[in-house]
Structures are given as structure tokens and as C-alpha cells.
Amino acid sequence: MGEEIMKVSDPFLPLATETAHFSALSAQPVEYSVPSRQPAPADNYASVSSADDVHASNSTTLPHPDDPTTLILARLLSSSTVLALSLISTTASSKLPSNLPPVHLRLPAAAVPSIGLFHDAEAEALHIILLTADGSLFRLAFALPALCWGATLPDGWASEFILRSVETEGRTPGTVEVVDLGTVLVGMTDGTLVKLEQLRGMREMKGGGLFSFYHDQWSEATLRQSSILSSVRSLLPSLGSSRTLSLAAHLSPTQALSIAGLTTASAAYAFTLSRDRKLRIWSLVHQACVRTILLSSASEDASPLAGDPRTLLRVVSDPAQAEGAAYVVVCLPEYVAPIFLVYSVETDESGVLGEIALVAERYAEPAADLRDIRVSPPSALNPYPTLWALYERGGAPYLQYTALPEITPAVPSGPFQPSWQTVTPRALPPLDPAAFADHLQSAEPGTSLPDVFMSVLFASNAFSPHTHARALEEYTRLVLNELPPHERPHNLLDPPLYDTLADHATDVVARHVRMEVDPASGAQKKDEYEKRVKTEWLRFASLIGELNARAQYPLHLALTDRDALVVQAEAISAPVAEDPTQLLHRLASADPATRDAFLDAAPVAVEPYAPALAPQDRRAAVVNVLGLAQALVGALPLDRLRALEDAVQAVARGEMTGAKEDVLRQVWNEKGAPVVPPAVREQVAGALANAQDLEPSVEAALEVLASSSVLPGAGGGGADSAPSDLGNTLIASHLASAFHDRYALARNVLFLVCFAHTLDRLAAPARTLNTALAVAHTASLLRWLAQRGAADEPVEDEDQTEDENDGLADRLGSLRVSGGGGDSAARLPTTSLLHALLRTHQFGVSLPAQAPSPLALAQAASAFLGATGALEQPTLAARPVDTRLAFALYRFRWGTLASELCRAFWKGGVGVAYVRGRAGVDAGRWDEAREELEKAAVGVVSNDPSLREILPADVDSLSAYYAHVAAVFDHAGVDAHVAHFAQLAIDEKPRGEEAGDDARELWFKVFRAQAARGKYEDAYAALMGMPFEDLKRESLRHLISVMCESGDVARLTQFSFVGLQPEVERTLAFKARNSDPLARPNYYEVLHAYHVFRGDFRSAGAIMYQQGRRLAEVQCRPGEFGDIATLQAQSYLAAINALALVEKQHAWVALPVAPEAALRTRKRRKLTVHLPESEFAPETKDLEVVKLDDMRREYTLVLARLQLSQHFPELASSNLSLAAEDVVALFVQRGLFGLAISSARTLDVDMTGLFASLTMRCVQLSKLGDFAEESELGLWILLDDQASCWEGSLADRAWRYLQLALERHDTPEAEHRYRSVVLEQILELDRRFGIPAWLLRMFEYDPAHLIRAFARYELYEDALQTAIAMVRKTTSSLQQKPTRHAAGTWLPYALIDQLVASARGVEDPRVRELVRELEGEIRRRVGAVERVWGS
């Protein structure tokens, strides 16, 4: 008998609840509306996302037909007006898509809180049946496998039937039970029971792959309360006799509070529990009540059952027994002690109801509201069927279970009364003012009040995203209602988009509170301000607490072959086997009942759960030590406890010198001992004095805290499965709870040992204290992991640098547990760092096959703990597993977390330095990273395992390490440190390997890094020191490009480039030829500067002339001509200046002949020397010799075109050719005579037209007289720099300008033809116009031309006078110098004869007189000549 009883309690396996939130597990829903023939209420069209809440009011589940481990979850949201469908499972299904969004089906009216989910295997469809409050019965059908997650819903997916009993008889549905696909029972509030039935018909195609056998109308019938079968009083055992019920007038005693159905091949029955405490059995075939059982006592004052309809009945089929055998579990929700009654029900082959016997009863705990009942088959948790009861206690789920061996054939003999086992509920963080006062007191010094609240309210997985969002909405609404309009903050009225809800809360809560100033003193009221801020944060916390209480409300208990899930209003929970540290923490805190059960359990029961605690005496010693430690630490003030923890952490990091036992004793005496209450000190000291085996007990406790749990195996075979996102969330929650409890116990034991050391109660204090410190240090590391909030999605396939592709993944593969991580579908945000780590291949875990989920989830958590290696030989120094974990955080792109972890727990260590260095590189702290990575180099020499564990496999020497670090900095673009470490790698090369193939990349990295950071002298030194000639030339080209692009041409030209000068010139010339002449850097200018610096002016001129020619070929866009022409002119000018410094005979350049296509756009230049092509060898290239004068002409053309384009925009066209004559003509046209003259001189253009135009303008101005100042004709005078400064009228200045132009440019080389042009132009314009005296003087040595001009324009008087003056002058000179040479002076006698002949025909007396005078002068001339010759 005792052995049988012991089997019921084996094994010892305490369970605790872990929770995930729907809003953290679900993406945005897909919404549909259910069609209805009835008009929808006006308030039923609000958006689901903006509804009052998304907390469910009812839910149910059904195993997915394609994968029974996945549940189809249906929930009623938004005041039961929305039906939400989703898939939930703790394992990732290989048959179903992952992370499907929930589907929201909007109902036309609120539904009665009951949902029927059924699978029609023949039609391969899912059916959902529900009833709305206005009497509409809906059948929603979805075809497998897509169900409602297909692209569209097919026609006929929703059908509606309106209940006659509701529509015409005015009844109100109270309870609904969907018995099967075609049967629905509706319990009305008036006590009647209505049966709705729809017969299964022929198969009908609905569309979209949906088939249905249910298309007829529903039949509706009211079941009778009595029948001939119930007239005979039942002799079945019951808890009491009949009694008189005293019910309120508005509550019918026969109203069914709960309904359950039982269908077999030959019969169909329903069971109802009514308010009158009677269990009624209904025959659905005969539509009548066939049996009534009174469940309560016969006392007259027994009150009717109160409350809303809920699950108080559950029918359990027994597959192990014959067809028709079942059990009915009934709960009487008595306030004093709820009673569970289990009845056996049998039907014969014809469906006749047989004996109904009470086979078991259980008394439960009081003060709990039952929400659901389930019975699970035997499993690894319990060898017997298990009765599960889900309660609501304090707004949260409260789950209990007990064995039901009475409903199995192997009923234990003798007295047997199994007790209820409680699944420890999830501890919700208290949000009352007292709790936050404790948080503020224990916060780290310097932590702001908002940060303290944020650390609690936004702790990982503590509250759902929906709770946070709704609390922020409510808080914002309350604040805006309280504030006057002018004081409302902008971020409340128009909130921006925040990255996280935490950022939103930080920016909103208490931001409207302003610092007030005392009007009397002018001092700020800081205390009052902080009080108001604290009040606002407490208000926000209370909103979160209220919403969280609604979110935690339990609705449904779902059981599968392996899962037990509690569906809550906005969360889902699962029982998980507690880690031993969780159990010990509860026992140490205060849990006498569990403590006694644990201490009294047999070793065989405890060994599978915690082998180190299997012996009862050892178990008792550990519990006593932990209890003493909790009593001691629990008495410390929170602020002093925090200070003590910080001091111990500093000791563990090695920041305090001296022996650890002495330092810890000093820390305890200074920070701990003074604040321990005397009573507690005496109590604990007395217990320590009476302890017989203190150190063994402490060591046993430390052994438990330094080990992970070994849970009982799952049994059976099969492949392990990967956890789903729900599974990972539950595992992360379980790990976080266990890590926090483990740290609390380890910390308490350490402080107890310190206290015992001060009492000299330790025989070996050094060993015990060091062990306790190492265990506490490791537990603190695990707690650090649990405290980190949501992290970004890990990046596992990070691109590595070339030097980092390594085999490191092979070593990290040792952390991998098969299957972890699920599939590669898009994932939802993580809830914590642990959750994110569980998604990685390195730390992902799998769920053991066929193990119940409480065991599987706990085993997966234990596997994760083993994968981290945190509990492997705890020490204070950084172990290989520690650096492996830290480096894994870094590899997942969490460099900040990796750096924070290293700084928090280890002061030194080469592996830690390497991780911190790598994290510093990514964070941009490059100098700090350099120092850390240099420190880590020591570990390469010493072959330190903590560094070797995380370095690439090919880093086997100090040189390879420096090369690896250089690659890391190169990947980050930190050139200064790339050069530094690459140079170190070269320096560490063994002798003879400096020029090896692996050194080639290092040399180039040094050079490239120095060049990139602008250290060109260092780059030049690296270049010249390279032992690789090809790499040297390649680097040279790179250096030239970099320096030119940065504008450091001056420094480039100063480098000597010994042995590389031809390569420099070729490189610059190549870049110049193949670069855009308009781009920067301008390699023509660079090469010009290079040649000038070396005194090669001819080459400098050649390259600048080539640039000018390139610019001439550029096709410019509108508006660019001015810039391009300016550059071209500057290029020609630079070429001219350079060649001007060369000896004249060498002032020329030879260029390859341009292609004919280019020559068409340029005027062909005259060739001074022509050599036939036959004189050249076949391989000789055609060359064009360009002299200095040629360059000047081209420069003048470009400059003139640039100047003229300001007056003639059409000249800016790139395909326009402009001749030299055109240039001069256009300048003349615009009155720019100075430019015209200078251009004509340079371009060797005849200036005849120029002087003719200038003369015409002078004549016109003279004729205008005083009106010339008002005319535009003289504007060119005013624009001339020289003429504008002269005195006189415009006409006078114009004639002076003309005179000076003739004096300068009418030279003998021009054959003095321009003065003739001026004269003839004046006569052409007006022959009566007075010829300027200065012009006439210019003809003193050529009077014949003047005579001809006058005669041509019939100015005979002027012609004759000029002739007379000419003859007189020659005669006078003959008389003064009577020589034969003077007598030979030439006179134009033919011209004179012609003039005289023409003048004689003129009737003017004056002309005739001048003719006679001229003839007289001729005769005198002849006489004088004869005398000279005669003598």
C-alpha cells in the first residue's frame, strides 16, 4: 500500500508558470467582416486596433488537423464583437507556416461567450460555430490546409441562422455548448434548454476548395424539463436530499450555468449544472431530461449558485474502456471549499443510459474562481490521469492539479487521498508606492527617478507591448484633460514617431511638470518638483498595473499530448518544471508547506530532479543554510545591500588588493555588519554556533548553486523539435526567473559566509570564501543576461574580413544544440537578450521529443545554460567560456552589450581585452580599442586559452595576430591603426620572410593607410621601402591619385621618386589624357606643376597647350561656355608663359596630328615647312609642330571669343568656328576698337575696315556737334579706359583716338595704307568735311596720294593747292641746295598734268586761278632745274 501511495507522488517535480504576451507574439492582424442578414449595431464598427481593448473574454482551442502539436486558438475580443484566430504551439511546426498573422473576424453583434471549434475530416475543413446575443447562429467554414490564412475567403464561408426562440419569444441566451458539428445547446436565462440541430446532407462545393455537408436549415427545439424516465427517483449516491431553493426573482433556478455534451455511436446526452445545484442529464435523442442528481447538502439555507455561466462541467471519454464509458467532472464552486465530483457514466449498445456513480471527489482551496477544468492522461509528470483546475485569483491564473487514479483500472488499494499540487504562479512585479520606494532606495547612486521607474515598468517580458501602449494612451488622455490648452505639451498633442515604447514613455510621462520658483527667495522648489514627478510616474505605473491585471485574466486551459497552456485575456502561460534554485529560493523565503514536502520526499523522488539534494540530511542542511542566509540578508536595508553588492562585485573584478578573505571580511565589517539588526545578528550567530557541519552545508549549497538541474528524461524516441517563438519566449522567461533566484541565493550565501568568517566559525575561510565569491560572481553574470532588455535581431551570417574566415564557427558549433532557432521566416521583435540568444544557432535549443512541455521547456532551458558554459568551474578570472560568450555577443552585432559584459565582470584578461577591443572598433572608440588589442597580443605569445578560443584558427603567431587586427581596423576604415598594426606585423616577421607572399598585403596596407590618412611622407617612405617592384609601381600610381585628389600637388612635386621619375611622368600623362579636363583634380595642371618644379618649361608648356586643345573639343552645355573658354584661355596663357622662358629656337612643341574629325572644327594653320610623306618611315607618327606665335594666336582667338560672347550669345555655341577676321569685325561692330586693334595685331589681320569704321564714327560725332553727348555714337569713347580720361568733346577725343591709332599702327610695315583709308573714308562720307590737319601732315611725304584723293572726289581746289605746295617745296629746296642731286628730285608730273587737265573744265574762277598758279610754279621749277644743270 505504501509503495502504491509513493508512486502517486513520484517524481518530485515542482512546476511554475511562465508567461508570454500575445501582442509580443503576433503581427498586425488580417481583418474580415462576417456577413449578416441582421443590421449591425451602430457602435460595432470601431476599428479593432483602436477598440477599448484587445483583451479576450472567451477562448477555446482545437489541435490542428495537420499537426496535433499546434493548436488553433479562437478568442473573442473587443467586448466579444471580434473573433480572433491564430496558431499557437511551443514547437516550430515543419508542416505549417510560421509566424502567421492573426485573423480577426468582425461579428455583426456581440457573441455569447462560447465558441465551437470542430474539424470535419471528410470535408477537410474547419468549422467554427458561435451564437450572437441577438440570436444569430453562425457557421464559419475554412478549407484545409490554408484555412482562413489564404489569399481570399471563398464564397459561402459564413452562413447564418436566426433563432426563433430569441427573435419571436424574447428569450435571452445565457450558455451555449456546441456539442458537435450539427448540434448546439443554448441555455436561456429563463431556465429553458434549446437544442439546435442541422442534419448532415450531401457534399456541396462552396468554392475555393471548400466543401460542406451542412447546408440545410437548423431545426430548433426546446428540451423538456421532465419525462417518464425521470419520474422514478434515482437511487444514485449524492451529497444530499431534495431541498427548497430560495432564488431571487430575476434568476431562474433551472438556468444552466455550464453545459457539456457526450456523443457516442448510438446515443447523445447533455449534462447541465443549474443554479439550483442539480446535475441534469438530457437525452438529445428524446429531447428531454432523463435524470436529475442533487449535488449539494439538504440544508434549507443553502444559496443558489451565483455568477455568470462558466465552465463547471467537463465530460471525459475513457479510450481505455468500452465504447460509451465516460466520466463527468463537476465542480460546485462553494466559497468555503470548492468540491470536485467525478461521476462515471455508462451507456449500453442501444444508447440507453446506465448507472451513474460517484467515483471520486476532491476538495480544493477556497477563495478562488474556477475558470476551466481539464483531465489529462498519464504522463511523465504523473503515472495517473491528472485533474487540472484553472482558477482566477487576484486577476491572475492560479493552476492546480491532482491525480485521479480512481478513473483507471489500476486503482491503488488501501487508504488513498492524493493532494492538490500548485503550479507556482508567475510573480508579478508590485507597482504600489511602497514597492517603488524600495526600488528607489536600492537603485545605483546617481540613477534618476525616471530611470528607476523605467527599469521596473519596462523590464524584459514583465508587461506586454499592448499594456504599455494602452497605458501611454490613457496617461496622455488624462494629462490633456487636466491641463489648460495653453499648457499642453506639443509632444502630447502631436506625438512624433518613437523607435520604442520605452522612448515614448520617457518623452511623455511627467514632461508637463515644471520646476517652480519660490517668489520670496527665488530658489527652485526641487523637492516639490521631484514629488510631482514621482506622482506622475506612480500614476503611469498604476495604469500599467490595471491593464496588466486585465491582460492576465485566465480564460481557458488547453491540453495537448505534450502541452499544457493557459490562455489569458492578453497572454498565454505554460507550467514549466522549476529549476532547483527557484524551489530553494521559495523555500528560503517562506513556504512551509512546500518545504516540508520537499524535506520529507524520498531520495528516489528527488534524485531525478536535483541529484545533489537527493540525500535527506544533505537536503535539510542546504535548506537550513539558505534559510539562515535569507534571514540575514533580508534584514539589511536595501540601499546598504546595494552598496554591499557593488563592493563585492569590485572585489570579484580584482579592483581591491589583498587576500580575498581579508578584503571580504573588511567589506562586511564596513558595509554589512553595522546595519544588521541586533536581534537578527544574535539569531543567526546562535544558529551558526549550533551548526555541527557548517562548512560542509555551505559547500553543499554552493554545489547546488553551481550546477544545473538534471530533469527526468522524456522517454521514447523521435527527433527533437525546434521551439517556436512562443516556446523561446517561455524558455527565456523561465531562464530569467531562474537566473534571478540563483543570484539571490548565491549572494545570500556569500554574505552568510562573510558573517561567519567575522565570527571565526570557518575552519578554512580562504577556500570557502573564494568558492562562495566565484559562485556569486557567476550567478551575477547570469543575472546580467536576464536583466538585459530586448535586443536587435542577431546577425549570424556577418561578413567577415578576409583574415577572419577561420574555423571559429566550428568551435562555436560546440555551443549548438540541434534544431534551435526554427525556420528562416520573418521574425517578430525579441522580448529580451535571452530570447534573442535562443534564436541563434550557437545558443538555440531543441525540445526533447515526446516530453511533456513542462519538462521539455525546462530541459531546453538547462541545455541553454549548458551551452553558455557559465557553470563550468566558476572562477573570478575570465574563462574561455566567458570570452566565448562575450565574443558571441559581439559577433551577433551586440558590441555594446559585449563591452558592457566585459567591463562589469573582469578587469583584466587577454580574451576580455580582445573582445573589448573588437567592440571598441565597432563603436568608434578606436584609440581605446587599439590599447585593448595591444594588451591581447600578450595572450598570443603565451597561448592563452581564453584568447585562443575566439581567435581565427590561422592566427598562430604574433605577426599573424597583428595582421588580423590590421584587417579588423581596415574593415572599419581606421587607417591610422591599420598602418600601425600592419607595420607591427611586418616587424614581427621572422628574418627572411619580410618579402614573402603574405607580407605583400601588409606592405600595401601600411602604404595605403598612410596615404588615406594624409600622411604622405610616411606613405612615400613605405613606398620606397617596399621589396616588391610591381607593388611599388602600383602603389606609386595610387599615391599620385590620392595626393592629386586631395590637392597636395606641391608635396607630390617635392618627392624625388628616385628611380621612378619616368613612371611618375607616364602615370600623370596617362591620367591627363584619359581624364575629364573639367574634372578635379586636373592632371594637366598637376603635370605642369611637376615639370615647372623640375625646370622643364618646355614640357610644362606642352602639357598646358594639350589641355587647351582638349578643352576646345569639349561639347559644352548651355551656360558652360564661359567657364570652359576661360579655362582654355588660361591653359594657353600658361603654355605661352612657360615657352617664353625657353630659348627661342626651342620654343615649340610637337604633338600628334589630331584626327580629321577634330580638324574640321579648327582652321588649318599655315605650314612654314612642308615635308612630303614619302620622306618618313612607315612607322613614323604624324606630328604637328606648334610654335610660340601659334599659341599666342590661339590664345587671342579664345580670349576674343570669350569677350565677344558677352555681346553675342550665339558665340557660346560649342560647334561654332570663328575666324580671326570675324573676331576683329565683331569687336569693331561693338565699338571695342582697343580690343579690335590688339586682336588684329596678334592675329595678323588687316585693319583697313577697322580704321574705316573708326573714321566714320569720328565724322558722325563731329557732325552732331553739341548733341554728340546725348547720342549713343560716342559711347565707345566713354568705355575706353584711355579715351574716357581725355579732355574735350567726344568728337575731339574720337579724332585724337584715331590719330594715336594711326601713329601706332600705320607703320611702314603696313605701307601707311591705313591713313589713306582714313582720308578716303572722310571724303567718302563728306567731301566737304574738313580734313584734320594732323592727317594732312601725315601725307607731307606722299602728297601725290593726297592729290589723287582730292581729285577723285572733285576737290580741285584742295588738290591744286596741295600740288602747288608740293611744287613750291621742291623748288625751294632746290634753290637752297643747288646741287645736281637736288635737281633730280621726283615730281608726279603725269598726275599734275592730269589734275590740270581736269581742273580746266571747271567753271570756278578760283580753280582756274589755281591752275594758272600751278602752271607758273611748274615753269619756275623747270627754270631752276635748268640753271642747276647748266652750271
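Provided above is the structure to which this section pertains.
Residues numbered from 1 in each chain as written. Predicted model: local features only at pLDDT ≥ 70, side-chain atom pairs only at ≥ 80, totals over all residues. Heavy atoms only, no water.

Chemist: Describe the overall build of the protein, with residues and values.
Modeler: Looking only at helices and strands, the protein features 51 helices and 33 strands. Buried positions account for 52% of the 1431 residues belonging to the protein. Residue pairs at least 24 apart in sequence account for 65% of intrachain contacts in the protein once pairs closer than 6 positions are excluded. For the protein, the accessible surface area stands at approximately 64,100 Å², while carbon and sulfur atoms represent 52% of it. (Helix = DSSP H or I, 4+ residues; strand = E, 2+ residues; numbered from the N terminus. Buried < 20%, exposed > 50% of the residue type's maximum accessible area, 1.4 Å probe, protein only. Contact = heavy atoms within 4.5 Å. Areas by Shrake-Rupley, 256 points an atom, 1.4 Å probe, with all protein chains shown as cover.)

Chemist: Give a detailed account of the sheet that holds strand E4 (residues 67-77), specifying residues and quantitative values.
Modeler: Taken in spatial order, the five strands of this open sheet run E2-E6-E5-E4-E3, and their pairing is mixed. Two strands close off the open sheet at either side, each with one partner strand: strand E2 (30-33) and strand E3 (58-64). Put simply, the sheet's adjacent strands are angled 20° from each other on average, direction ignored. Where E4 lies against strand E5 (residues 82-88), seven bridges are found, and the strand directions are antiparallel. Bridge pairing links Leu 76 to Leu 83 in E5. (Pairing = 2+ DSSP bridges. Axes fitted to C-alpha atoms, helices over the stretch in contact; angles between N-to-C directions.)

Chemist: Requested: an account of the sheet that holds strand E25 (residues 369-376), with residues and values cited.
Modeler: Taking strand neighbours across the sheet as the criterion, the four strands line up as E25-E26-E27-E28 in an open arrangement whose pairing is antiparallel. Of all the strands in the sheet, just E25 and strand E28 (421-423) have a single pairing partner and so form its edges. Pairs of neighbouring strands in the sheet enclose a mean axial angle of 25°, with direction left out of account. In this structure, strand E27 (residues 396-403) lies alongside E28, joined through three bridges in antiparallel fashion. Its bridge partner being in E28, Tyr 401 is matched across the sheet by Gln 421.

Chemist: Could you give an account of unusual backbone geometry, with specific residues and numbers?
Modeler: The linkage connecting Leu 144 with the following residue, Pro 145, adopts the cis geometry, with an omega of 0°. Locating Pro 145 in the fold gives a position in the loop between strand E9 (136-143) and strand E10 (158-162). Although it is not a glycine, Asp 760 adopts a positive phi angle of roughly 60°. Along the chain, the position of Asp 760 falls in the loop between helix H18 (725-758) and helix H19 (765-787). Using a relative accessible area of 57% as the deciding quantity, one classes Asp 760 as exposed. Even without glycine at this site, Phe 1057 takes up a positive phi of about 50°.

Chemist: How would you explain the environment of Ala 510 if you had to name every residue and give the values?
Modeler: Take Ala 510: it is sitting in the loop between helix H8 (501-508) and helix H9 (526-551). For the pair Ala 510 and Val 479, spaced 31 residues apart in sequence, the C-alpha to C-alpha distance is 9.2 Å. Leave out the neighbours within four places in its chain, and Ala 510 touches Tyr 475, Val 533, Glu 536 and Trp 537.

Chemist: Describe in detail the pairing of strand E33 (residues 1183-1187), supporting the description with residues and values.
Modeler: Where burial is concerned, the two faces of E33 differ: the one with Glu 1184 and Val 1186 is buried and the one with Leu 1183, Val 1185 and Lys 1187 is not. In the sheet, strand E32 (residues 1148-1152) pairs with E33 via five bridges, with the strands oriented antiparallel. When the bridges of E33 are listed, Val 1149 appears paired with Val 1186.

Chemist: An account of the nonpolar core is requested, with residue identities and associated values reported.
Modeler: By size, the foremost hydrophobic cluster in this structure holds 219 residues, and its most contacted members are Leu 584, Tyr 961 and Phe 1057. Per-element tally for this core: the top contributor is H18, with 18 residues. Contact partners of Tyr 961, with chain neighbours within four places excluded, come to Tyr 914, Leu 933, Ala 936, Ala 937, Val 940, Leu 951 and Val 955. Counting 73 residues, the second-largest nonpolar core is a separate cluster that includes Ala 1200, Val 1259, Leu 1335 and Tyr 1353. (Core = buried A, V, L, I, M, F, W, Y, C linked by side-chain atoms within 4.5 Å.)

Chemist: Account for the packing of aromatic side chains, with residues named and values stated.
Modeler: Under the definition given, this model contains 29 aromatic pairs. Between Phe 905 and Trp 906, the aromatic rings sit 6.0 Å apart at their centres with planes inclined by 55°, giving tilted as the arrangement. Clustering of aromatic rings is evident, with ring pairs tying together Phe 436, Phe 453, Tyr 475, Trp 537 and Phe 540. We note Arg 1098 situated over the ring of Trp 1148; from NZ or CZ to the ring centre the distance is 4.0 Å. (Phe/Tyr/Trp six-rings, centres within 6.5 Å; stacked < 30°, edge-to-face > 60°. Lys NZ or Arg CZ within 6 Å of the ring centre and 35° of its normal.)

Chemist: Tell me about helix H42 (residues 1248-1264), and name the residues and values.
Modeler: For H42, spanning 17 residues, the distance from its first C-alpha to its last is 25 Å, which sits close to the expected 24 Å at 1.5 Å a residue. Considering only its buried residues, H42 is in contact with helix H40 (1220-1229), helix H41 (1233-1243), helix H43 (1275-1279), helix H44 (1290-1305) and helix H45 (1313-1325). Among the residues trailing H42, Gly 1265 stands out with phi positive, at a value near 60°. (Expected span 1.5 Å × (residues − 1).)

Chemist: Summarise a nonpolar patch on the surface; cite the residues concerned and give the values.
Modeler: On the surface, Leu 1275, Leu 1278 and Leu 1279 cluster together into a nonpolar patch covering about 300 Å² of accessible area. Following the sequence through the fold, Leu 1278 ends up in helix H43. (Patch = residues over 30% accessible without salt bridge, like charges linked within 9 Å, V, L, I, M, F, W, Y side chains within 5 Å. Salt bridge = Lys/Arg side-chain N within 4 Å of Asp/Glu carboxyl O.)

Chemist: If you had to explain the environment of Ala 786 to someone new, which residues and values would you point to?
Modeler: Secondary-structure assignment places Ala 786 in helix H19. Take Ala 786: its relative accessible area is 3%, and that puts it in the buried class. Sequence spacing of Ala 786 and His 734 is 52 residues, and the spatial spacing of their C-alpha atoms is 9.9 Å. Not counting residues up to four positions away in its chain, the partners in contact with Ala 786 are Ser 460, Ala 736, Phe 739, His 740 and Leu 834.

Chemist: How would you explain the pairing of E3 if you had to name every residue and give the values?
Modeler: Counting buried positions over the seven residues of E3 gives six, a clear majority of the element. Looking at chain direction, E3 and E4 are connected through seven bridges and run antiparallel. What sits directly across from His 64, in E4, is Asp 67. Between E3 and the antiparallel strand that follows it, E4, lie two residues.

Chemist: Run through helix H31 (residues 1016-1025), naming residues and quoting values.
Modeler: Residues of H31 that are buried include every one of Tyr 1016, Ala 1019, Tyr 1020, Ala 1022 and Leu 1023, and no others. In an axial view of H31, the angular spread of the buried residues amounts to 165°, which keeps them on one side of the axis. (Arc of directions from axis to C-beta.)

Chemist: Which residues make up the pattern of salt bridges, and what are the values?
Modeler: Side chains bearing opposite charge may pair, as long as their charged atoms lie close to each other. Under the criterion given, the structure shown has 52 salt bridges. Here Arg 916 and Glu 932 are joined by a salt bridge, their closest N and O atoms 3.4 Å apart. On the criterion of sequence distance, the pair formed by Arg 916 in helix H25 (residues 910-923) and Glu 932 in helix H26 (residues 926-942) is long-range, its members being 16 residues apart. A salt bridge links Asp 1326 to Lys 1263; its shortest N-O distance comes to 3.5 Å. With Asp 1326 in the loop between H45 and helix H46 (1333-1337) and Lys 1263 in helix H42, this pair connects stretches of sequence that are 63 residues apart.

Chemist: So what about the packing of H42 against H45? Which residues, and what values?
Modeler: Between two packed helices, both the angle of their axes relative to each other and the distance between the axes serve to describe the pair. Packing of H42 against H45 leaves a shortest axis separation of 9 Å and a crossing angle of 40°. Judged on the interaxial angle alone, H45 and H42 are oblique. As H42 runs across H45, the sense of the crossing is right-handed. For the pair formed by H42 and H45, the contact residues are Thr 1248, Phe 1251, Ala 1252, Thr 1255, Met 1256, Val 1259 and Lys 1263 on the first element and Arg 1313, Tyr 1314, Val 1317, Val 1318, Gln 1321, Ile 1322 and Leu 1325 on the second. Tallied by class, residues from the contact of H42 with H45 come to nine nonpolar, three polar and two charged. (Parallel < 35°, antiparallel > 145°, perpendicular 65-115°, else oblique. Left-handed = near helix turned anticlockwise from the far one by under 90°. Nonpolar A, V, L, I, M, F, W, Y, C, P; charged D, E, K, R; others polar.)

Chemist: Requested: an account of the packing of helix H32 (residues 1029-1046) against helix H34 (residues 1061-1074), with residues and values cited.
Modeler: Two numbers describe how H32 lies on H34: the axes approach to 10 Å, and their chain directions differ by 55°. As judged from the angle between their axes, H32 and H34 are oblique. In the crossing of H32 with H34, the sense of the turn from one axis to the other is right-handed. Counting all contacts with H32, which are made through Arg 1033, Leu 1036, Arg 1037, Ile 1040, Ser 1041 and Cys 1044, the residues of H34 involved are Glu 1063, Val 1064, Thr 1067, Leu 1068 and Lys 1071.

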